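Notes for the structure review
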Amino acid sequence: MTFINLFNGLVYGSLLIVMSSGLALIYGLRRVVNFAHGALYMLGAYIGFTIAQHTGFWVALVAAPAVMALVGVLLDRYGFRLLQDRNPLTVVLVTFGLLLIIEDFVQTVWGKSNLSMATPALLAHSVTVAGHELPVYRIAVLFFGIAVAVALSLWLRYSRVGLFVRAASTDPVTTSMQGVNTDRLSAMVVGLGTALAGLAGVVAAPFLSLSPAMSSDVLIDSFVVVVVGGLGSLPGAFAAAILLGLLQSMGAVYLPSLAAILPFLFMIAILLWRPSGLAGNRT
Amino acid sequence: MSAAFQGITRPAHIAVATAAALAVGGLAAGGIGSDMLLSLLTQATIFAIFAVGVGVLLRQNGMVSFGHAAFYGLAGYVAGILIREMGWSGEGAVLAALGGVALFAFVLGFVVVRVPGIAFGMLTIAIGQSFYQGATTSRSLTGGADGLHIDWPQTLFGVSLDTLFQPHVMFMVCWTALVLCVAGLALLLSTNFGAVTEAVRDNEERARFIGIRTLLPRVLVFTLSAFVTAVAGTLSALNTGFVSPESLHWSVSGSALMMVIVGGYRRLWGPALGAMLFFLARDFLGDFAEHWLAIFGAALIFVIVFAPDGFSGALVGLWRRMRGGGKSRGAAAVQAN
C-alpha cells in the first residue's frame, strides 16, 4: 500500500517536473508567469489524443509537442515580445485571458466529456518490483521526468545556448549588449517551455483521463511547485515537484480528510520559513 | 501616480454620491416591473460587491488575487453551516460569517502579502482551489459537490423572510450593501490610511525608509478586501438559500477579476461597473453565452492591453472632456495629504 503510494507520488512528481520546468524557463527569460501553461498542457494532450487516434501514440508523442512548440514561438513573438515593456501584471492578465480562450476552444472542439487514451501496447503491461505489481507505463513516466530534468540541467549548464539562457535570465539587457539576440532566445525558450507542457499532456493522457478540468489541477499544482521552489529556479522546482507529489499521495493515505488542503499547508509552511521559496531570493 | 488619487473625494462628496446612488437604486427597485430583470440585477449587484473587494486589493496593494472566491464561498458556507448544524440565528450567522472571514484573512494576510509580486497571484489561486477541493471532498460538513441548502430563520434583523425575498426588496438590500461598501472604502481611503497604503504600494522600501511599518497596512487592505468579498458571499447565500463548491472555484475568482479589469480598478466603483457590464452582456449574448468565458477572456486581453483604465477610466475621461478639462488632478492629491 505504502510502496504503491510512494511510487505514484513519484510518478506525479515527475510529471510536475516537466510542467514546472517549462513555467520556470519562461519566467526566467520573459519574467512572465504563464497562467495559460495548464491550458497549453491540456491542448497538447487533446492534440496528442487526436493524432494518436489516426496514427499511434509514438507519433503523437513527437508531433503534439512539435505543434505546441510552434504555438509557443507564436505566443512569444506576437504576445510576450510585444508586451515586454509593460507592467508584469498586464502580461499575467493577458495569459489569464488566453487560458479562458484555450479552455473554451478545447471544450468546443473536443466536447466536455472525459476522453481516455489507450496506453501504448509496448508499455501496457506490468512488472513485479519488490513484491508489488507496477504498471510499466508509470515507471516509464517516472524515468521520463527524471530524464527531462537531467537533460535540461545539462543543457543549461554545458551548452552555449544554455549559457545564453542563464545569462539572459540574470540580466537580459547586458546579455543583449553582449551580442546575444535575446528575442530569438526567448522565442526558443518559450517554444521549448510550451513544447514541454504539450509533452507532459501527451504523457499524462494515458494515465490521467482527458477532461476540460485537467488544466486547472495541474496548473495549480505546478504553481505551488514553482512558488515553493523559488520563481525561475529549476533545481528548486525539481525538489518541490517531487516533494509535492509524495505529499499528495501519502496524504491521501494517512490524512485523507486533509488531503485536499495539504498542498496549501505545504506551501504556507515553506513560505513562512522562506518567503521567496526553497531556492533563494530572485523575485 | 496622480491617477490613483482621483477616486478619493472629501467626505461631503462621498455623502452626496452615496445619497445619489441610493436614490438611483430606489428608483430602479420601484420602477422596474420585471422580476426577472430585478433578479438579474440583484445577482449583478452581489458580484459588483465581490469585484469591489477584489479591486480594492489591486488598487491599494497592487496585488492581483486569483483566489478571492475562497472568501466569497467561505462566507456562505460559514453562515450555512452555523444555521444548519449549530442552529444559530440568522443574524448571528451573518455576523459570524463576516467576522470569521475577516479574521481568517487577517491571519492569512500575514503570510501571503509578504510573497512578492506575481507569486502572490499564484499563491491565491492555489489557496482558492484548495478550498474548492476541500468543500467538494468533505461531504459530511459541506454536502460535497451537491452543495448545501440553507434554511434561513423566519426573521433576519427584524425583517421577515417573506418581505426580504420580494425581488425589489432583495435588490435594494444588495444595492444598499454595494453603495455602503464603496462609500465606506472611499471614506477610509481618504484618511491617512489610504495615503500610507498607496505609499507602500508604490515603493515599499522607501515607505519603510521614512518610518512606515509596511506589513500591517498591506495586511489590513487584504483583510478589508476579503471582508467586502465576504459581504457578497453572505448576500449570495441569502439570495439563493444555497452554497455549492462552484462558488469557490477559480473560474469565479477569474470572473471577478475580469470585472475588475474591464470596469477599471483605478476607481473604487470601476469594478462594480465592470460587474454590471459583465452580467448584462452575458444576458444579452443569450444562446451564445456558452462561450462567454472565451468572449470575456478576449475582452480582458483587449482592455488590459489597449485601455488599462477600463470602462470607468474611459467614462471619467469623457466626463472631463465634456467639462472642458474640469477639476485639476492636484486638488484631490493635496487633500489626500
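Thresholds, definitions, all that
- Residues numbered from 1 in each chain as written.
- Chains lettered and ligands numbered in written order.
- Predicted model: local features only at pLDDT ≥ 70, side-chain atom pairs only at ≥ 80, totals over all residues.
- Helix = DSSP H or I, 4+ residues; strand = E, 2+ residues; numbered from the N terminus.
- Rg over C-alpha atoms; globule rule 2.2 N^0.38 Å.
- Contact = placed C-beta atoms within 7 Å.
- Buried ≥ 20, exposed ≤ 12 C-beta atoms within 10 Å, placed from the backbone.
- Pairing = 2+ DSSP bridges.
- Expected span 1.5 Å × (residues − 1).
- Core = buried A, V, L, I, M, F, W, Y, C linked by C-beta atoms within 7 Å.
- Axes fitted to C-alpha atoms, helices over the stretch in contact; angles between N-to-C directions.
- Parallel < 35°, antiparallel > 145°, perpendicular 65-115°, else oblique.
- Left-handed = near helix turned anticlockwise from the far one by under 90°.
- Nonpolar A, V, L, I, M, F, W, Y, C, P; charged D, E, K, R; others polar.
- pLDDT = per-residue confidence, 0-100.

**As for the overall build of chain A**
- Helix and strand counts for chain A come out as eleven helices and two strands.
- Ordered by position in the sequence, the α and β elements of chain A form the string α-α-α-α-β-β-α-α-α-α-α-α-α.
- Here chain A has a C-alpha radius of gyration of 19 Å; the compact-globule value for 283 residues is 19 Å, and the two agree.
- Oriented by its inertia axes, the alpha-carbon framework of chain A measures out at about 60 × 50 × 35 Å.
- Of the contacts made within chain A by residues no fewer than 6 positions apart, 77% connect residues no fewer than 24 positions apart.

**What to know about the overall build of chain B**
- Broken down by element type, chain B carries 17 helices and four strands.
- The C-alpha radius of gyration computed for chain B amounts to 20 Å, which stays within 12% of the reference 20 Å derived for 337 residues, consistent with globular compactness.
- Its C-alpha atoms give chain B principal-axis dimensions of roughly 55 × 45 × 40 Å.
- Counting every position in chain B, which comprises 337 residues, the buried fraction comes to 51%.
- When contacts within chain B are restricted to residue pairs at least 6 apart in sequence, those whose partners lie at least 24 apart make up 80%.

**Side note on unusual backbone geometry**
- Positive phi is not limited to glycine here, since Arg31 of chain A has a value of about 55°.
- Relative to the helices and strands, Arg31 of chain A is located in the loop between helix H1 (2-30) and helix H2 (37-54).

**Remarks on the pairing of strand S1 (residues 126-129) of chain A**
Residues and elements named next belong to chain A.
- Judged from the four bridges that link them, S1 and strand S2 (residues 132-135) form a sheet pairing that is antiparallel. The partner of Val129 across the bridge, within S2, is His132.
- Turn length for the S1-S2 hairpin, with the two strands adjacent in sequence and antiparallel, is two residues, and the turn residue Ala130 shows positive phi of about 50°.

**What to know about helix H6 (residues 117-137) of chain B**
- In this model H6 of chain B runs 31 Å from its N-terminal to its C-terminal C-alpha over 21 residues, within 8% of the 30 Å that 1.5 Å per residue would give.
- Most of H6 of chain B sits inside the fold, with 19 of its 21 residues counted as buried.

**Overview of the interface of chain A and chain B**
- Of the residues lining the interface, 33 residues belong to chain A; the matching set on chain B comes to 34 residues.
- Elements with a minimum of two residues in the side of chain A that touches chain B: helix H4 (88-110), helix H9 (214-229) and helix H11 (262-273) of chain A.
- Broken down by element, the side of chain A that touches chain B gets its largest block of residues, 13 residues, from H4 of chain A.

**Considering the nonpolar core**
- Counting 202 residues, the largest nonpolar core has Phe47, Ile49, Ala51, Val101 and Val182 of chain B as the members making the most contacts within it.
- Apart from the residues lying within four places of it in its own chain, the contact partners of Ile49 of chain B are Ala177, Leu178, Cys181, Val228, Val231, Ala232 and Leu235 of chain B.

**A look at the environment of Ala187 of chain A**
- By the element assignment, Ala187 of chain A lies in helix H8 (residues 182-204).
- Discounting residues that sit within four places of it in the chain, Ala187 of chain A has contacts with Val73, Asp76 and Arg77 of chain A.

**Quick notes on the packing of H2 of chain A against H4 of chain A**
Residue and element names in this part refer to chain A.
- Two elements in contact, H2 and H4, have axes separated by 9 Å at closest approach and are oriented at 20°. The angle between H2 and H4 places the two elements in the roughly parallel class. For H2 against H4, the interelement crossing comes out left-handed. Of H4, the residues touching H2 (which contributes Ala39, Leu40, Met42, Leu43 and Tyr46) are Leu99, Ile102, Glu103, Val106 and Trp110.
- Across the contact of H2 with H4, the residue classes break down as nine nonpolar, no polar and one charged.

**As for the environment of Val56 of chain B**
Residue and element names in this part refer to chain B.
- Mapped onto the elements of the fold, Val56 is located in helix H3 (residues 35-61).
- Measuring from C-alpha to C-alpha, the distance between Val56 and Arg201 comes to 12 Å, with 145 residues separating the pair along the chain.
- Ignoring any residue separated from it by four or fewer positions in sequence, one finds Val56 in contact with Leu185, Val221, Leu224, Ser225, Val228 and Leu268.

**What to know about the confidence of the model for chain A**
- Model confidence for chain A is summarised by a mean pLDDT of 86, while 98% of its residues fall at 70 or above.
- When mean pLDDT is taken per element in chain A, H2 of chain A scores highest with 93 and S1 of chain A scores lowest with 78.

**Topic: the confidence of the model for chain B**
Residues and elements named next belong to chain B.
- On average, residues of chain B score 84 in pLDDT, and 93% of them reach the 70 mark or higher.
- Note on residues 1-5: pLDDT under 50 across the span, and nine contacts to partners over four residues away in sequence or across chains.
- In the model, residues 326-337 has pLDDT below 50 throughout and makes 17 contacts with residues more than four positions away in sequence or in other chains.

**Looking at the packing of H9 of chain A against helix H10 (residues 234-254) of chain A**
Residue and element names in this part refer to chain A.
- Where H9 contacts H10, the axes come no closer than 8 Å and their chain directions differ by 130°. It follows that H9 is oblique to H10 by the angle criterion. Considering only the axes of H9 and H10, their crossing is right-handed. For the pair formed by H9 and H10, the contact residues are Asp221, Val224, Val225, Val226, Val228 and Gly229 on the first element and Gly236, Ala237, Ala239, Ala240, Ala241 and Leu244 on the second.
- Classifying every residue of the contact of H9 with H10 by side-chain character gives nine nonpolar, two polar and one charged.

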